[in-house]
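The chain contents come next:
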Amino acid sequence: MNHILTGKQLADRKLMEELFKTAQEFENRDKKGEVLDVFKGKIVATLFFEPSTRTRLSFEAAVLKLGGQVLSTENAAGASTAIKGETIEDIARIVSGYADMIVIRHPEAGSVERAASTSQSPVINAGDGTHEHPTQALLDVYTMQKELGGLDGKTVVFIGDHRNGRTLHSMLPMLVLFKVKIILVSPEELRLPDEYKEMLTGANVPFEEVVELESVLGEADVLYVARIMKERFSSPEEYERLKDSYLTNKDTLSKMKSTAVVMAALPRVGEIDPNIDSDPRAAYFREAKNGLYVRMALLVYALQK
Ligand code: ASP
């Protein structure tokens, strides 16, 4: 069955090109007002055990635009039998009897894979704790390509919480397929876990880890800004100390190339100044919109196999 659980699974240039082509086609057809029927008669369940705005709603909009129907839980943690202690394995087994596909977000790393082990329908990982968020990663790579016209030869600077940033964890296996340079800017405490650094080294991708942003700004083709992930901190004091580590504002942009883009999975909670929203380099709202079309492509891919 074609579950989508990790970024590694999508890290194939041919597959990515196909998905990107499909996403672009869906965008073109959507803009012409075409109504699609690829998912006619299909039901997709969205089980979200953690909050979400963009991921859940763009998945649901994607299903509706494909002509399918949605069974939705925006608060599966409080409003499903999980609260009585039912396991994710049992929930997935049952829900897969009602739905042709299940999109799951859950706070525990590995939980979506466990759900997939009992599900009778394809399962899509919409974020499992600090582990992975493959569909966000794919739409981010799509956005980078679309904005820059290609990724080979580019430098991608990631700022923020690399310890807990699940999107970055899913994106690295995709980015290593390109001739990119990666610069990781974070406080020492929030550095990328070793396993991902080993992946970069193994793939011969040049990368640097730095604490201070200013000196690398001029090199960036993409400045990817991630939030410090409050909900992942066991120590509120540590969060308070680190939460305002970086701010991307007009001054930041003034030190960047005119051709660079600023991206973010969002939400932003203080790390991106809204005063830069009108700068053409601010690509995060376009990125969020791309999510709709990339998720349409991924839904079709998961259903087809
Ligand atoms: N929306 C992304 C995620 O769910 C990033 C974030 O929450 O900051 O991982």
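You'll find the structure just up there.
Residues numbered from 1 in each chain as written. Predicted model: local features only at pLDDT ≥ 70, side-chain atom pairs only at ≥ 80, totals over all residues. Heavy atoms only, no water.

**A short note on the overall build of the protein**
Phase 1: Along the backbone of the protein there are 12 helices and 9 strands.
Phase 2: In terms of overall dimensions, the protein has a C-alpha envelope of 55 × 45 × 40 Å along the principal axes.
Phase 3: By residue count, 56% of the 305 residues in the protein fall in the buried class.
Phase 4: Of the contacts made within the protein by residues no fewer than 6 positions apart, 75% connect residues no fewer than 24 positions apart.
Phase 5: Of the charged side chains in the protein, 38 are positive and 45 negative, and the gap between their average positions amounts to 5 Å. (Helix = DSSP H or I, 4+ residues; strand = E, 2+ residues; numbered from the N terminus. Buried < 20%, exposed > 50% of the residue type's maximum accessible area, 1.4 Å probe, protein only. Contact = heavy atoms within 4.5 Å. Lys, Arg positive; Asp, Glu negative; His and termini not counted. Charge placed at Lys NZ, Arg CZ, Asp CG, Glu CD.)

**Overview of the sheet that holds strand E3 (residues 101–106)**
Phase 1: In spatial order, the strands read E2-E1-E3-E4; together these 4 strands make up an open sheet with parallel pairing. Pairing within the sheet leaves two strands with one partner each, and these edge strands are strand E2 (69–73) and strand E4 (123–128). This sheet shows a mean twist of 15 degrees between the axes of neighbouring strands, independent of strand direction.
Phase 2: Summarising the sheet, strand E1 (residues 43–48) and E3 pair through 5 bridges and their orientation is parallel. Looking at the pairing, Ala-45 lines up with Ile-102 of E3.
Phase 3: Helix H3 (residues 54–65) rests against E1, E2, E3 and E4 of the sheet, and its axis sits at about 160 degrees to E2. (Pairing = 2+ DSSP bridges. Axes fitted to C-alpha atoms, helices over the stretch in contact; angles between N-to-C directions.)

**Observations regarding the site of the ligand**
Phase 1: In the neighbourhood of the ligand, the contacting residues comprise Arg-105, His-133, Arg-166, Arg-227, Met-229, Ala-265, Leu-266 and Pro-267.
Phase 2: One of the side-chain nitrogen or oxygen atoms of Arg-166 is found 2.8 Å away from an oxygen atom of the ligand.
Phase 3: Residue Arg-227 places a side-chain N or O atom 2.7 Å away from an oxygen atom belonging to the ligand.
Phase 4: Protein chains bury 89% of the 260 Å² of accessible surface belonging to the ligand in isolation.
Phase 5: Residue composition of the shell around the ligand, grouped by class: 4 nonpolar, 1 polar and 3 charged. (Near = heavy atom within 4 Å. Polar contact = N/O pair within 3.5 Å; in protein donor to acceptor, adjacent residues only side chain to side chain. Areas by Shrake-Rupley, 256 points an atom, 1.4 Å probe, with all protein chains shown as cover. Nonpolar A, V, L, I, M, F, W, Y, C, P; charged D, E, K, R; others polar.)

**Concerning a nonpolar patch on the surface**
Phase 1: Taken together, Leu-71, Ile-94 and Tyr-98 make up a surface patch of nonpolar side chains, about 300 Å² in accessible area.
Phase 2: Relative to the assigned elements, Ile-94 resides in helix H5 (residues 88–95). (Patch = residues over 30% accessible without salt bridge, like charges linked within 9 Å, V, L, I, M, F, W, Y side chains within 5 Å. Salt bridge = Lys/Arg side-chain N within 4 Å of Asp/Glu carboxyl O.)

**Re helix H9 (residues 194–202)**
Phase 1: Listing the buried residues of H9 in full gives Tyr-196, Lys-197 and Leu-200. Looking down the long axis of H9, one finds its buried residues gathered within 100 degrees of arc, a one-sided arrangement. Seen from the open side of H9, the exposed residues pointing more than 90 degrees away from its buried face are Asp-194, Glu-195, Glu-198, Thr-201 and Gly-202.
Phase 2: Its buried side turned inward, H9 meets helix H8 (166–175), strand E6 (181–185) and strand E7 (207–210).
Phase 3: Residue Asn-204 follows H9 closely and has a positive phi angle near 60 degrees. (Arc of directions from axis to C-beta.)

**Some thoughts on the sheet that holds strand E5 (residues 155–159)**
Phase 1: Spatially, E7-E6-E5-E8-E9 is the arrangement adopted by the 5 strands of the open sheet, whose pairing is parallel. Strands with a single pairing partner mark the edges of an open sheet, and in this sheet they are E7 and strand E9 (261–263). When strand polarity is set aside, the average angle formed by the axes of neighbouring strands in this sheet is 15 degrees.
Phase 2: Sheet topology places strand E8 (residues 222–225) next to E9; 3 bridges connect them, and they run parallel. Residue Val-222 lies in a different strand from E9, and its bridge partner there is Val-261.

**Quick notes on the packing of aromatic side chains**
Phase 1: Under the definition given, this model contains 4 aromatic pairs.
Phase 2: Ring centres of Phe-233 and Tyr-239 lie 5.6 Å apart, and the angle between their planes is 65 degrees; this geometry places the pair in the edge-to-face category.
Phase 3: A residue is classified by how much of its surface remains accessible, and Tyr-239, at 11% relative accessible area, is buried.
Phase 4: Across the ring face of Phe-233, the terminal group of Arg-163 is positioned such that the distance to the ring centre comes to 5.1 Å. (Phe/Tyr/Trp six-rings, centres within 6.5 Å; stacked < 30°, edge-to-face > 60°. Lys NZ or Arg CZ within 6 Å of the ring centre and 35° of its normal.)

**Digging into the pattern of salt bridges**
Phase 1: The tally for this structure, following the rule as stated, stands at 28 salt bridges.
Phase 2: With its nearest N and O atoms 2.9 Å apart, the salt bridge here joins Lys-146 to Glu-27. With Lys-146 in helix H7 (residues 134–148) and Glu-27 in helix H2 (residues 13–31), this residue pair connects regions lying 119 residues apart in the sequence.
Phase 3: Since its relative accessible area comes to 37%, Lys-146 is described here as partly exposed.

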